[in-house]
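Each chain is listed here by its residues.
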Amino acid sequence: MTSAFDQFIEDGKVLAVRHGLLWDVPYDPHTGAIPKAHWWDLGAAAGKVERSRKLISTYAANSAAVAAVGSVTGRDHAGVMTPAWISFLKATALHDLFVKGRTPGNFANNISDSLRILAICAGDIPPPQLSADIVSAAYNAALVASPSAKRASTLKALIANW
């Protein structure tokens, strides 16, 4: 029997193919960087031109987020998401664009950074196995990582919706 998480990922793969995106793209496992030829241009995939391109060009969290997670948890964390979190990031982006009908900017400016903080906090724990402790640490790291509470608020909404 397929879990809801597995089905969500499979649905994401179908959406990727339907919109001309390669699901399994190469990336540097140490930096998270995706070669430019394999970046996901969310605006182009959605047929929506936005002033600045909204891309998935890395599977890493920014340095401020990684530092915030480390300060909250008291441990060093890899800045690159694990494969389960990468799949969840991609499926969430596609769901936001093509199921919920939101703009590429909504994912890029709101959801992406919050999801990356959660992924870095979780480490090797896949999305379906999150604990309250991981979510709490990610929420606190989101508060530390951004000058306003917006990132933490977005993370809270992401958890509530997911």
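Since we're looking at a predicted model, the values are computed, not measured.

**Q** Give me the packing of helix α6 (residues 132-145) against helix α7 (residues 150-161): which residues, what numbers.
**A** Running from N to C, α6 and α7 cross one another at 155°; their axes reach a closest spacing of 7 Å. Comparing the axis directions of α6 and α7 gives the class roughly antiparallel. Here Val135, Ala138, Tyr139, Ala142 and Leu143 of α6 lie close against α7, whose contacting residues are Arg151, Ala152, Leu155, Lys156 and Ile159. Looking at the contact of α6 with α7, its residues break down into eight nonpolar, no polar and two charged.

**Q** Pulling in residues and values, what's your account of the packing of aromatic side chains?
**A** Within the structure shown, the criterion is met by five aromatic pairs. Taking the centre distance of 5.9 Å and the plane angle of 85° together, the rings of tryptophan 85 and phenylalanine 88 count as edge-to-face. Taken together, the positions of tryptophan 85 and phenylalanine 88, both in helix α4 (residues 83-99) and three residues apart, correspond to about one turn of that helix. Phenylalanine 88 matches tryptophan 85 in its accessibility class, with the two residues each being buried. Three or more aromatic residues joined by ring pairs make a cluster, and in this case those are Phe5, Phe8, Trp85 and Phe88. In this arrangement the basic side chain of lysine 90 is found over the ring face of tryptophan 23, its NZ or CZ atom lying 4.3 Å from the centre.

Conventions and cut-offs
- Residues numbered from 1 in each chain as written.
- Predicted model: local features only at pLDDT ≥ 70, side-chain atom pairs only at ≥ 80, totals over all residues.
- Heavy atoms only, no water.
- Axes fitted to C-alpha atoms, helices over the stretch in contact; angles between N-to-C directions.
- Helix = DSSP H or I, 4+ residues; strand = E, 2+ residues; numbered from the N terminus.
- Parallel < 35°, antiparallel > 145°, perpendicular 65-115°, else oblique.
- Contact = heavy atoms within 4.5 Å.
- Nonpolar A, V, L, I, M, F, W, Y, C, P; charged D, E, K, R; others polar.
- Phe/Tyr/Trp six-rings, centres within 6.5 Å; stacked < 30°, edge-to-face > 60°.
- Buried < 20%, exposed > 50% of the residue type's maximum accessible area, 1.4 Å probe, protein only.
- Lys NZ or Arg CZ within 6 Å of the ring centre and 35° of its normal.

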